[in-house]
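Report on the structure
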Amino acid sequence: MTAQPLVEPADAPAPEAGPLTDVRHPAVRTVPVSGDEITVGGVALSRLAERVGSTPFFAYDRQRITDRVREVRTAVGGTVRLGYAVKANPMPAVVQHLAGLVDALDVASVREMHGALDTGKGPRNVSFAGPGKTPAEIRSAVAAGVLVELESETEARRVVAAGDDLGVVPRVAVRVNPDFAVRGSGMRMSGGPQQFGVDAEQVPDLLRYLTPTGVDMAGFHIFAGSQNLDAELLAHAQRATAELVVSLADHLPGPVRYVNLGGGLGIPYFPKDRPVDLGRVGENLATVVAELIAPALPEADVHIELGRYLVGEAGYYVTRVVDRKISRGRTYLVVDGGMHHQLAASGNLGQVIRRNYPVLVGNHMATTDREQATVVGCLCTPLDLLADDVPLPPAEPGDLVVVLQAGAYGLTASPTAFLSHPAPAEVLV
Ligand SMILES: *Cc1c(COP(=O)(O)O)cnc(C)c1O
């Protein structure tokens, strides 16, 4: 690991006030800047906007993705396999770039599966999870030879039927809904009743059904939750997950070869968020593998799968100020983008209490002047709020307002058809 601490104690002194909107925001501090401008892949933002030719657009920084993968690899060590969850950002160029950096691609729809296979990643390194796989989708997955992560008994029956029909041996893993939940996850996906996975107590019965069918049962997949910033809670989840897998292993007819512990590493969206302590996550994971998994399941490949953590911070949603107006004392910057492209920043994607994503004026980074401004999108609804009453350099029509942390669950997680504005461009720089 690098000598620099990856996590900052909450009482650490704020860095010296500088030109940035909120230098204490960990996301703001990592943004590359040259002179007055954010740079993406070394290109100044206004120049990039000219190159793209229209605003709004999403820009993804290739080098930041590469660096992030390297950091994760360094932290988790060589024995843990790293997967990329394509749904976080399925832009083909991004998936292609990541295909060359990670061990596996995790998909959650047939279209994502095709995108993953298009990169040249072989089907042995593609896994297909997600509830509600139809018979046709399962048939495609079995024909492709990818690992099907079973979310229910119905899916198991469909996989067996597809294998029989096609004359191929399907590869499966059972996605398990554990009997515990993970605290600290922004999005909980395990524990109690869930649409995800097979309840742990039902797994033995499912394996009894599958054993005589001859499908290739590789192992288990457990994904407990998303957007967790707490290394200790993540460690706790990984340990509990490993214990559960070991306890289920006896029900598998052969050795467990595949253990997917999920991921769930979050990124800092809000000023008080602190980056996850990746070094701790890696150490804890190594301990879990060495103490629990390796002795009991010597043939198992241990996987983690990350989406947001690999791409989220490498992405920028770039909009242009169209109008500046003052309404009864409040300054509004009206931009040409909005919640139809970046729903999460508007607070309408899973936030209970709306908080501001980090927003900057990307072509006034050296300006020290500040005014309080509210950034709204161009949709005719009060929901289209990108930043509520934040300190920003004074901005005029033509300036570039940038939403950070936009590389994951941005464009494809947003209601692009709402209000019928054009789709934004996406570039990997
Ligand atoms: C969405 C998803 C992920 C990725 O979650 P992130 O929070 O983006 O890392 C990983 N695994 C499964 C099964 C998923 O559905």
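Here the structure is a predicted model, which is why all the values come from computation and not from measurement.

**Thoughts on the site of the ligand**
Taken together, Ala85, Lys87, Arg175, His221, Phe223, Ser226, Glu305, Leu306, Gly307, Arg308 and Tyr409 make up the full set of residues adjacent to the ligand. One nitrogen or oxygen atom from the main chain of Gly307 is found 2.9 Å from an oxygen atom belonging to the ligand. For the ligand, the accessible surface in isolation is 390 Å², of which the surrounding protein chains cover 94%. Residues belonging to the shell around the ligand are distributed by class as follows: four nonpolar, three polar and four charged.

**Quick word on the nonpolar core**
Judged by nonpolar contacts, the single largest core of 108 residues is most densely connected at Tyr84, Phe220 and Ile293. No other element matches helix α9 (residues 231-249), which puts nine residues into this core. Taken domain by domain, the makeup of this core includes at least three residues from each of domain 1 (19-61 + 312-428) and domain 2 (129-306). Ala49, Phe57, Leu360 and Leu404 belong to the second largest nonpolar core, which has 20 residues in total.

**Observations regarding the packing of aromatic side chains**
Within the structure shown, the criterion is met by five aromatic pairs. Aromatic side chains Tyr269 and Tyr357 sit 4.8 Å apart centroid to centroid with 35 degrees between the ring planes, which places their arrangement in the tilted category. Placement of Tyr269 in the loop between β14 (258-260) and α10 (278-296) and of Tyr357 in the loop between β17 (330-335) and β18 (359-361) is noted, with a sequence separation of 88 residues between them. An identical accessibility class is assigned to Tyr269 and Tyr357; each is buried.

**Details of the domain arrangement of the protein chain**
Many analyses report the size of an interface as the accessible area lost when the parts associate. Entries for the protein chain in the domain assignment read domain 1 (19-61 + 312-428) and domain 2 (129-306). Averaged C-alpha coordinates put domain 1 and domain 2 at centres separated by 36 Å. Opposite the 13 residues of domain 1 that make contact, domain 2 presents eight residues. Interface of domain 1 and domain 2: buried area, both sides summed, is about 950 Å²; carbon and sulfur atoms make up 63% of it. Linking domain 1 to domain 2 there are zero salt bridges. Partitioned by chemical class, the residues of the side of domain 1 that touches domain 2 number four nonpolar, five polar and four charged.

Calculation criteria
- Residues numbered from 1 in each chain as written.
- Predicted model: local features only at pLDDT ≥ 70, side-chain atom pairs only at ≥ 80, totals over all residues.
- Heavy atoms only, no water.
- Near = heavy atom within 4 Å.
- Polar contact = N/O pair within 3.5 Å; in protein donor to acceptor, adjacent residues only side chain to side chain.
- Areas by Shrake-Rupley, 256 points an atom, 1.4 Å probe, with all protein chains shown as cover.
- Nonpolar A, V, L, I, M, F, W, Y, C, P; charged D, E, K, R; others polar.
- Core = buried A, V, L, I, M, F, W, Y, C linked by side-chain atoms within 4.5 Å.
- Buried < 20%, exposed > 50% of the residue type's maximum accessible area, 1.4 Å probe, protein only.
- Helix = DSSP H or I, 4+ residues; strand = E, 2+ residues; numbered from the N terminus.
- Domains from an automatic or database assignment.
- Phe/Tyr/Trp six-rings, centres within 6.5 Å; stacked < 30°, edge-to-face > 60°.
- Contact = heavy atoms within 4.5 Å.
- Buried area = accessible area lost by both parts, 1.4 Å probe.
- Salt bridge = Lys/Arg side-chain N within 4 Å of Asp/Glu carboxyl O.

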